[in-house]
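Breakdown of the fold
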Amino acid sequence: VQLVESGGGLVQPGGSLRLSCAASGFTFSSYAMNWYRQAPGKERELVAGISIAGGTTNYADSAKGRFTISRDNAKATVYLQMNSLKPEDTAVYYCNARRAWVNYWGQGTQVTVSS
């Protein structure tokens with residue numbers, strides 16, 4: 001099983017980034033997918049989630065209106081489009097696959113929002 005995140009980096013406040021998470025080794029289309037983040041000294045928190053078929057999404061209050069989660073089951077990839085980024089969005093972003101009690105995690109990608 002592999003979840004490989006990409007797309008992180010350094011961006012100025014107000015900028016945008018698109019994170020990708022490529023999955024392999026399991027039946028991607030059978031798992032709900034989530035993006036979490038963890039800032040230094042803070043607990044890991046859920047940023048956004050998307051259902052198996054993509055029909056249902058949910059967002060943390062901090063992400064609503066700025067972030068969009070989507071998935072392409074044919075490509076076994078989940079995305080997180082992040083707009084209007086703020087310094088407080090700085091964190092390591094992790095991709096998560098979940099089905100019942102089964103959880104898979106990626107290694108994370110760093111997002112730094114700074115001028």
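Quick note: structure is the one above.
Throughout this description, residue numbers start from 1 for each chain and increase along the sequence as written. Totals for whole chains, interfaces and linings use all residues, but because this is a predicted model, local features are given only for residues with pLDDT of at least 70 and pairs of side-chain atoms are given and counted only at 80 or more. Side-chain calculation: all heavy atoms of the structure are included, whereas hydrogens and water are not.

**Describing the nonpolar core**
Remark: nonpolar core denotes a set of buried residues (Ala, Val, Leu, Ile, Met, Phe, Trp, Tyr, Cys) joined through side-chain atoms within 4.5 Å. Burial classes follow relative accessibility: with a 1.4 Å probe on protein chains only, a residue under 20% of its type's maximum area counts as buried, one over 50% as exposed, and anything between as partly exposed. Counting 29 residues, the largest nonpolar core has M33, W35, V78, L80, M82 and Y93 as the members making the most contacts within it. Mapped by element, the contributors of at least two residues to this core are β3 (17–24), β4 (32–38), β5 (45–50), β7 (67–72), β8 (77–82), β9 (91–99) and β11 (109–113). The helix and strand labels rest on DSSP assignments: H or I over at least four residues marks a helix, E over at least two residues marks a strand, and numbering proceeds from the N terminus.

**Some thoughts on the pattern of salt bridges**
A side-chain nitrogen of Lys or Arg and a carboxyl oxygen of Asp or Glu constitute a salt bridge if their distance falls within 4 Å. The tally for this structure, following the rule as stated, stands at 4 salt bridges. In this structure, the salt-bridge partner of D89 is R37, at a minimum N-O distance of 2.9 Å. Here R37 lies in strand β4 and D89 lies in the loop between β8 and β9, a separation of 52 residues in the sequence. Since its relative accessible area comes to 6%, R37 is described here as buried. Notably, a salt bridge pairs D89 with R66, separated by 2.7 Å at the nearest N-O pair. Placement of D89 in the loop between β8 and β9 and of R66 in the loop between β6 (57–59) and β7 is noted, with a sequence separation of 23 residues between them. Classification of D89 as buried rests on a relative accessible area of 0%.

**Focus: unusual backbone geometry**
Glycine aside, negative phi is the norm for most residues, and most peptide bonds take the trans geometry. Within the chain, S84 stands out as a residue other than glycine whose phi angle is a positive 50 degrees. Secondary-structure assignment places S84 in the loop between β8 and β9.

**Observations regarding the side chain of D89**
Among the polar contacts made by the side chain of D89, one reaches the side chain of R66 at a distance of 2.7 Å. Not counting residues within four places of it along the chain, the set of residues in contact with D89 comprises R37, R66, F67, S84, V111 and V113. We define a polar contact as two N or O atoms separated by no more than 3.5 Å, with the added condition that, inside protein, one atom must be a possible hydrogen donor and the other a possible acceptor, whereas residues neighbouring each other in sequence contribute only through side-chain atom pairs. Contacts are assigned to residue pairs with any non-hydrogen atoms lying within 4.5 Å of each other.

**Some thoughts on the pairing of β5**
The two faces of a sheet get side chains in turn, since along a regular strand they alternate between them. Here β4 pairs with β5 via 5 bridges, running antiparallel. The residue bridging N34 from the neighbouring strand is G49, located in β5. The antiparallel hairpin formed by β4 and β5 contains 6 residues in its connecting segment, where G41 sits at a positive phi of about 80 degrees. Between β5 and the antiparallel strand that follows it, β6, lie 6 residues; G54 among them carries a positive phi value of about 90 degrees. Only strands that DSSP links by at least two bridges are regarded as paired with each other.

**Notes on the state of the cysteines**
Disulfides are defined in this document as cysteine sulfur pairs within 2.5 Å. The full count for this structure, using the stated rule, is 1 disulfide. Two residues share a disulfide in this structure: C21 and C95, whose sulfurs sit 2.1 Å from each other. Taking the torsion about the S-S bond as the criterion, the C21 to C95 disulfide, at about -80 degrees, is left-handed. One end of the pair, C21, is in strand β3; the other, C95, is in strand β9, with 74 residues separating them in the sequence.

**Here we look at the packing of aromatic side chains**
Under the pairing criterion, centres of Phe, Tyr and Trp rings, with the six-membered ring standing for Trp, must be within 6.5 Å; the plane angle then separates stacked pairs below 30 degrees from edge-to-face pairs above 60, leaving the rest tilted. Overall, the coordinates contain 4 aromatic pairs when judged by the stated rule. Each member of the aromatic cluster is reached from another via a ring pair, and the members are F26, Y31 and Y104. The criterion for a charge sitting over a ring is simple: Lys NZ or Arg CZ within 6 Å of the ring centre, and within 35 degrees of the ring normal. A cation over a ring is seen here: R71 above F28, with NZ or CZ 4.5 Å from the ring centre.

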